[in-house]
Amino acid sequence: MADSKETIATTYRLRYKKGDQIFKQNDFGISIYKIVSGKVLIFRECEDLEVPIAILGNGSIIGEMIFFLKATEVRSASARALEDSEVEVSHPKELFKEYEAGAPILKLMARQALNRLKRMNGFIDRLIVNEQENSQGLTSSLNLWKSHRRFYRKKVNLACKYIVKTRLSGFNATLDGVIKNISMTGLGLEIDPRNESNIPHEIGEVFQVETILPNAREVKVSCTLVRSSKGRGCISLGMTYVELSDDTRKTLGFFLLPA
Amino acid sequence: MPIDPVVYEYIASEVVCPANEVIIEEGSRGDWVYVVLEGHVKVKKRTQKGLVVIDTLSEGEIFGEIAFLEGENADRSATVMAAEVPVRLGILDKELLIKHYSAMSPTLRAIIKSLAVKVRETTTRICAALVAAS
């Protein structure tokens, strides 16, 4: 870990009591923190849930993502003292200069690692939202569409086409399935077991699913496979959306409004 | 993504891996860093329910960097294997990478290492969540 003598003159120390918030997700900030003593919880806030990411102790650095983002984005997670803690806070101005002057290959590696971390944080949020939705029965508490209405996971029986959305040549065949339920966060799909024998359906794979809703609106979504279970004569797949366009969100939101 | 021209300066050798061949095995030791020059690789994590695909990397994307950036003989955080078609890889000049990385101040190295550690830990959490949801 870093030697405290290395840090620049704008470094100072702060003490936090157990339970104190050190920084908050979605806040703007530029400082980097090094834990000198105590324990700090890093967590993501999604809806009303706090999702622990890591518990860090002496010598660990927190808030470093903002450094690589050059403070152009908000903090991606919150930090709270789990016990009385002392942290060293640094303004990274000089480090920025050093980083910019550093080897481009290392900056490229750091940038790719950062992008992966950001993608994974988004993925964690979607999983949590999905889990929250399922644990609350059929009702979603999500406000994914800005009307702030509530939506349901709807039981449906919709024929659909889907493809594996990898960039591999030779695996772009269109397959058939039936969507059995659909929500603002994902869908449940039943497929013929022969589909799986033709093309691997591995957890984590991304698929593009296309269907036409009963109201004649077309929906095309990218989904990540998060669950697969074999049933009688079929395979049930659980998928969460990778991303919804505004149009798709509105189309789905309208369709899923309570009758 | 297109291959960043800077990568070419570091490619020490090239290798073609047959389809589905394991390039890096999770848990093993090693700090070679690779770049995909042609084709795709799949990144997988071990779980209670077998290997789970967590990412697919294509041309221009670097892998193996997490163990390198963490240093101190860190073990490999994931398995990387060639996808369903052969993949051409560039192996980056490790000595040159180490030279550049060592030239950074300990503080800057610690910040980069911290990023790498978080990628590893978050990957593990996602796999646990995927398995729990399946």
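For clarity, every value in this text was computed on a predicted model and none was experimentally measured.

(A) How the structure looks around the overall build of chain A. Summing up its helical and strand segments, chain A has five helices and 14 strands in all. With 259 residues in all, chain A has 31% of them scored as buried.

(B) Spatial organisation of unusual backbone geometry. Residues and elements named next belong to chain A. A positive phi angle, close to 75 degrees, is found at Asn26, a residue other than glycine. Mapped onto the elements, Asn26 comes out in the loop between β2 (21-23) and β3 (32-37). The class of Asn26 is exposed, set by 11 C-beta atoms lying within 10 Å. Even without being a glycine, Ala216 presents a positive backbone phi close to 70 degrees. Mapped onto the elements, Ala216 comes out in the loop between β12 (206-212) and β13 (218-230).

(C) The arrangement of the sheet that holds strand β4 (residues 41-47) of chain B in detail. All names here are of chain B. One open sheet accounts for four strands, arranged β2-β7-β4-β5; its pairing is antiparallel. Two strands lie at the open edges of the sheet, namely β2 (22-24) and β5 (50-57), each paired on one side alone. Each strand of the sheet is rotated relative to its neighbour by a mean of 35 degrees, with strand direction disregarded.

(D) Highlighting the sheet that holds strand β8 (residues 85-90) of chain A. Residue and element names in this part refer to chain A. Judged by pairing direction, the sheet is antiparallel, and its four strands sit side by side in the order β1-β8-β3-β6 without closing on themselves. Only two strands of the sheet have a single partner each, and these edge strands are β1 (12-16) and β6 (61-62). Bridge count for β3 against β8 is five bridges, and the pairing is antiparallel. By the bridge assignment, Tyr33 is partnered in β8 with Val89.

(E) Inspection of the confidence of the model for chain A at higher detail. Residues and elements named next belong to chain A. Mean pLDDT over chain A: 79, with 81% of residues reaching 70 or higher. Across residues 1-9, confidence stays below pLDDT 50; counting only partners more than four residues off in sequence or on other chains, it has 18 contacts. In this model, residues 137-151 is a region of pLDDT below 50 whose contacts with residues beyond four sequence positions or in other chains number 34 contacts.

(F) Here's a closer look at the interface of chain A and chain B. The interface is formed by 48 residues belonging to chain A together with 43 residues belonging to chain B. Looking at the side of chain A that touches chain B, the elements with two or more residues in it are β5 (49-56), α1 (65-68), α2 (93-101), α3 (104-135) and β13 of chain A. Here the side of chain A that touches chain B gets 17 residues from one element, more than from any other, and that element is α3 of chain A. Here the side of chain A that touches chain B is composed, by residue class, of 28 nonpolar, 10 polar and 10 charged.

The rules behind these values
Residues numbered from 1 in each chain as written. Chains lettered and ligands numbered in written order. Predicted model: local features only at pLDDT ≥ 70, side-chain atom pairs only at ≥ 80, totals over all residues. Helix = DSSP H or I, 4+ residues; strand = E, 2+ residues; numbered from the N terminus. Buried ≥ 20, exposed ≤ 12 C-beta atoms within 10 Å, placed from the backbone. Pairing = 2+ DSSP bridges. Axes fitted to C-alpha atoms, helices over the stretch in contact; angles between N-to-C directions. pLDDT = per-residue confidence, 0-100. Contact = placed C-beta atoms within 7 Å. Nonpolar A, V, L, I, M, F, W, Y, C, P; charged D, E, K, R; others polar.

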